[in-house]
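Chain and residue survey
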Amino acid sequence: MSWAWIDAWAAPAGAALTLAALGGLFFYLRRPGPPAAPAALGLAACQALAGAGVLAALGLAGLAASMAGLWPGVDGLALDAAVSGWIERRVGPAWHGPLVAFTQLGHVGLLVPLAAAVLLVLLRRRDRLRAGVWLLGTAGAGLWTRAIKSAVARPRPAEAWVAEGGHSFPSGHSAGTLALFGLLVWLLLPHLRRAWRLPLALAALALALGVGASRVLLRVHYASDVLAGWLLALAWGACVVCLAEWALRRRRT
């Protein structure tokens with residue numbers, strides 16, 4: 001299956017997945033049954049996440065419009081030039097091997113099986129809401145990433161250290177790792193002691209940021225590509241999680 005075929009159908013598939021999820025949420029709320037498990041986030045945390053998601057969506061829209069030449073006032077190219085110059089002066093060939101190994105943590109060949117395994121666990125536990133959230137959050141992030149890549153069609157940097165196909169903006173590794181590990185933290189929060197929650201969240205964030213940084217250091221993405229990937233994952237993940245939190249609270253009333 002070629003990336004070109006996936007890119008051509010990414011936007012319709014993302015829209016169809018979203019509509020299916022909203023339909024499933026409607027029937028979930030109307031179906032009689034025992035009260036849902038407690039929400040993972042407090043109300044204040046959920047409101048803060050929603051605000052961060054809105055800001056991330058606006059930032060992503062500005063960057064995408066700039067790359068497409070629709071909004072010259074947002075200069076992502078200046079950021080790329082500054083970061084590229086810094087890398088050229090400080091990151092030499094000795095970093096190649098470690099960076100290539102580390103960046104595989106965000107490869108689709110690892111993220112897809114992990115996402116499938118978590119989905120199977122949730123389905124086996126009959127946790128339909130969280131299974132739907134997991135599928136929508138992870139698959140949706142991937143589909144919207146491919147849709148934006150196809151729409152913007154930005155070429156990759158010419159001086160890449162490793163061969164990569166497809167378009168550059170936004171970074172799929174960056175969006176995928178932040179979306180997947182962020183949602184995984186959300187799933188695990190109710191099962192963890194309070195003392196472990198912040199360290200786990202920080203570890204997931206460090207992993208996602210590290211994978212994104214490795215893409216720039218390997219010269220396979222510009223800095224604005226990685227920033228856009230993070231913004232996409234934050235905006236989409238915040239939307240999905242906040243909707244799930246609302247549904248959990250609604251089901252318990």
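Higher on the page you've got the structure.
Moving on to the overall build of the protein. Each helix and strand counted, the protein has 9 helices and 0 strands in total. A compact globule built from 253 residues would reach a C-alpha radius of gyration of about 18 Å, and the protein, at 19 Å, matches this within 12%. Oriented by its inertia axes, the alpha-carbon framework of the protein measures out at about 60 × 40 × 35 Å. Scored against the burial criterion, the 253 residues of the protein give a buried share of 41%. Long-range contacts, defined here as pairs at least 24 residues apart, represent 80% of the contacts in the protein between residues at least 6 apart. Accessible area for the protein stands at about 13,300 Å²; split by element, carbon and sulfur atoms hold 71% of it. Taking the average location of the 22 positive side-chain charges in the protein and that of its 9 negative ones, the two points are 19 Å from each other.

Quick look at the layout of surface pockets now. Quantified by volume, the second largest pocket comes out at close to 620 Å³. Along the wall of the second largest pocket there are 25 residues; nearest its centre are L49, L178, G182, V185 and L234. Only helix 2 (43-67), helix 7 (172-188), helix 8 (194-217) and helix 9 (223-252) provide two or more residues apiece to the lining of the second largest pocket. Within the lining of the second largest pocket, the residues separate by chemical class into 22 nonpolar, 2 polar and 1 charged.

Taking 1.5 Å per residue as the helical rise, helix 2 with its 25 residues ought to reach 36 Å, and the 36 Å between its terminal C-alpha atoms agrees with that figure. When helix 2 is considered as a whole, its buried residues turn out to be C46, G53, A56, L60, G62, L63, A64, A65, S66 and M67.

How two helices sit against one another is set out by the angle between their axes and by the gap between those axes. Between helix 4 (residues 96-103) and helix 8, whose axes approach to 9 Å, the crossing angle comes to 130°. Considering their axes alone, helix 4 and helix 8 lie oblique with respect to each other. Seen from above, helix 4 lies across helix 8 with left-handed handedness. Residue-level inspection shows L99, F102 and T103 of helix 4 in contact with helix 8, the latter providing L207, G210, V211, S214, R215 and L217. Each residue belonging to the contact of helix 4 with helix 8 can be placed in one class, and the counts come to 5 nonpolar, 3 polar and 1 charged.

Here is what the cut-offs are and how they apply
- Residues numbered from 1 in each chain as written.
- Predicted model: local features only at pLDDT ≥ 70, side-chain atom pairs only at ≥ 80, totals over all residues.
- Heavy atoms only, no water.
- Helix = DSSP H or I, 4+ residues; strand = E, 2+ residues; numbered from the N terminus.
- Rg over C-alpha atoms; globule rule 2.2 N^0.38 Å.
- Buried < 20%, exposed > 50% of the residue type's maximum accessible area, 1.4 Å probe, protein only.
- Contact = heavy atoms within 4.5 Å.
- Areas by Shrake-Rupley, 256 points an atom, 1.4 Å probe, with all protein chains shown as cover.
- Lys, Arg positive; Asp, Glu negative; His and termini not counted.
- Charge placed at Lys NZ, Arg CZ, Asp CG, Glu CD.
- 1 Å grid on protein atoms, 1.4 Å probe; cavity = no way out; pocket = protein on both sides within 12 Å on 5 of 7 lines; lining within 4 Å.
- Points joined across faces, edges and corners; volume = space filled by probe spheres on them.
- Nonpolar A, V, L, I, M, F, W, Y, C, P; charged D, E, K, R; others polar.
- Expected span 1.5 Å × (residues − 1).
- Axes fitted to C-alpha atoms, helices over the stretch in contact; angles between N-to-C directions.
- Parallel < 35°, antiparallel > 145°, perpendicular 65-115°, else oblique.
- Left-handed = near helix turned anticlockwise from the far one by under 90°.

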